[in-house]
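So the chains spell out like this:
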Amino acid sequence: MPQFDPSRVPASRVQSQFGSNDPRDLALHSFGKSFCDQLRAFRNDFSNAPDLVVHATDEDDIARAFALASKEGAAIVPFGGGTSVTGGVECPRTDRPVISLDLRSIDRVTEVDDMSRVATIGAGALGPVLEAQLARHGLTLRHFPQSFEHSTLGGWIATRAGGHFATLYTHIDDLTQSVRMMTPTGGVLETRKVPASGAGPDPNRFVLGSEGAFGVITRATMRVFRKPRFRSQCSVKFPNFAAGVEATRNIAQSGLYPTNCRLLDEREALINGVTFDGSAVLVLAFESHDHDVREPMERALKLAIREGGLAEPVRHRTENDKDLGAAEQWKSSFLRGPHMQSALISMGVLVDTFEGACTWNRFAHLQESVTQSVMSAIGKLGAKGSLSCRFTHVYPDGPAPYWTFIAVGGNGDLLDQWRAVKTAASDALLECGATITHHHAVGRTHAPWYTRERPTPFGAMLSAVKKAVDPAGIMNPGVLGID
Ligand SMILES: Cc1cc2nc3c(=O)[nH]c(=O)nc-3n(C[C@H](O)[C@H](O)[C@H](O)COP(=O)(O)OP(=O)(O)OC[C@H]3O[C@@H](n4cnc5c(N)ncnc54)[C@H](O)[C@@H]3O)c2cc1C
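Here is what the cut-offs are and how they apply
- Residues numbered from 1 in each chain as written.
- Predicted model: local features only at pLDDT ≥ 70, side-chain atom pairs only at ≥ 80, totals over all residues.
- Heavy atoms only, no water.
- Pairing = 2+ DSSP bridges.
- Helix = DSSP H or I, 4+ residues; strand = E, 2+ residues; numbered from the N terminus.
- Axes fitted to C-alpha atoms, helices over the stretch in contact; angles between N-to-C directions.
- Salt bridge = Lys/Arg side-chain N within 4 Å of Asp/Glu carboxyl O.
- Buried < 20%, exposed > 50% of the residue type's maximum accessible area, 1.4 Å probe, protein only.
- 1 Å grid on protein atoms, 1.4 Å probe; cavity = no way out; pocket = protein on both sides within 12 Å on 5 of 7 lines; lining within 4 Å.
- Points joined across faces, edges and corners; volume = space filled by probe spheres on them.
- Nonpolar A, V, L, I, M, F, W, Y, C, P; charged D, E, K, R; others polar.

(A) Inspection of the sheet that holds strand S7 (residues 176-182) at higher detail. Reading across from one edge, S4-S5-S9-S7-S8 is the order of the five strands in this open sheet, with antiparallel pairing throughout. Every other strand in the sheet has two partners, leaving strand S4 (109-113) and strand S8 (188-190) as the edge strands with one partner each. Each strand axis lies, on average, 10° off the axis of its neighbour in the sheet, ignoring direction. Strand direction decides the pairing type here: S4 and strand S5 (residues 118-122), joined by four bridges, are antiparallel. Pairing of Val109 across the sheet is with Ile121, part of S5.

Next comes the structure, spelled out in structure tokens:
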């Protein structure tokens, strides 16, 4: 394992008592967690390091960072947990200095309205930090992206993260009641705490998915839940992926809304140790604080069995129940996955994931086209590889498929190999009418495809918003394909 070499961190161009230019701090803020980021970290490549890291503890610190950026002609990159996989926190080094604004100290739950079931939470709170504070009130946000431990509420809102719920409350958008965002002009965008509103375009929507391009999210009021008391889990095997897709569609359109409804293709089920007999697997779960969930589980299983599914016995969770069968095997593999990816990258294996969403009527063609494009790109590199697929979230009108590719033995630099496969996959997604991302955000990596996907007048509208709140273009230049 390579050791950190501080001499590889470029000299800082911003000298200020306010902030840190310790090489380790700069290095830790020079990238997120994508394949490229991890590879660069293993190579001691800190060429994108910021010039200064400001660890903000309150809104006054953020205002001071804006003033410093304006004085130094610097850009500001908001930094939550740094788990971006799309180049969101990595600002390429140009003539313009960069200040990384670390928000993790703004992490308090400041208000709980138990009657309305909402809580106001500091944007820098990491998943476990906010859950521990909510637990004192018997509440939970239940937003568990795979990066839960290392990512923040502000990062989730800025990237429109997808979490624990496979249906209904899938994106953080659905859990966000109100947000507060500071902008470089000094204006503060704070939205009204109401359950819903039909008053014009939704101002929350200018903040959700803004990726630090318009301002810094400092806090949000979130819809929270009582901890679930009733849970039922089950996994269903299918002779092939297509049968599983049909069953999943029927469940997604049934009005049952399972908490978990994740379909793994044959390869994905094998890699994750869920089954070893070549079957595809649907992991199903229902949960509620209020009522028993056996009935919806029974109905969902009927729909799955109708498509040729073979269900394992349903497990009803109790405090002492440690063994939940294939569903639990999937969960533990899901949590181990990222560590496995890092280990493989350190050994020179090309391994990454990508995702999107499409309507049900387009999925079969999308799957065929993505498989053909990715495998052909891997073949052109002279590598041997594989591609697997799962559904992370499902909607009545379509699934959110998520693919993993692994390849070894290719020719050329690993970063160039990654670029070739990623380009093939992204082109296939757009050509088949899917979106470039369901929950991994746009960042800098997806910007070329996002600018193709979004309607042209909408691109002009985003640029106009940017000019209104950030006329000097301080905020995270390059993300969302706007400068
Ligand atoms: C192993 C792994 C698993 C993952 N699993 C999931 C998953 O299940 N679901 C999912 O949705 N994503 C997932 N991701 C992607 C990533 O975790 C999400 O995009 C997450 O929302 C980023 O949060 P963060 O706090 O780490 O933000 P960062 O990575 O620090 O920042 C992401 C972007 O948001 C901006 N930003 C951050 N905080 C603020 C703020 N307070 N105000 C304004 N802008 C801000 C940054 O400038 C950047 O553009 C995964 C990533 C990894 C590495």
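(B) Broad picture of the pattern of salt bridges. Enumeration according to the criterion identifies 24 salt bridges in this entry. Close ionic contact of Glu111 with Lys193 constitutes a salt bridge, the shortest N to O distance being 3.7 Å. Note that Glu111 is positioned in strand S4 and Lys193 in the loop between S8 and helix H6 (204-207), a separation of 82 residues in sequence. With its nearest N and O atoms 2.8 Å apart, the salt bridge here joins Lys237 to Asp277. Here Lys237 is found in strand S11 (residues 230-238), whereas its partner Asp277 is found in the loop between helix H8 (266-271) and strand S13 (280-288), with 40 residues between them in sequence. The class for Lys237 is partly exposed, based on a relative accessible area of 33%.

(C) Main features of the layout of surface pockets. Taken as a whole, the second largest pocket holds about 820 Å³ of empty space. Along its surface, the second largest pocket is lined by 34 residues, and Arg160, Leu208, Gly209, Tyr450 and Phe458 are the ones closest to its centre. Secondary-structure elements contributing two or more residues to the lining of the second largest pocket are H6, strand S18 (398-408), helix H13 (447-453) and helix H14 (456-469). Tallying contributions element by element places H14 first for the lining of the second largest pocket, with four residues. Across the lining of the second largest pocket, the residue classes break down as 17 nonpolar, 11 polar and six charged.

Keep in mind these values describe shape, not function.
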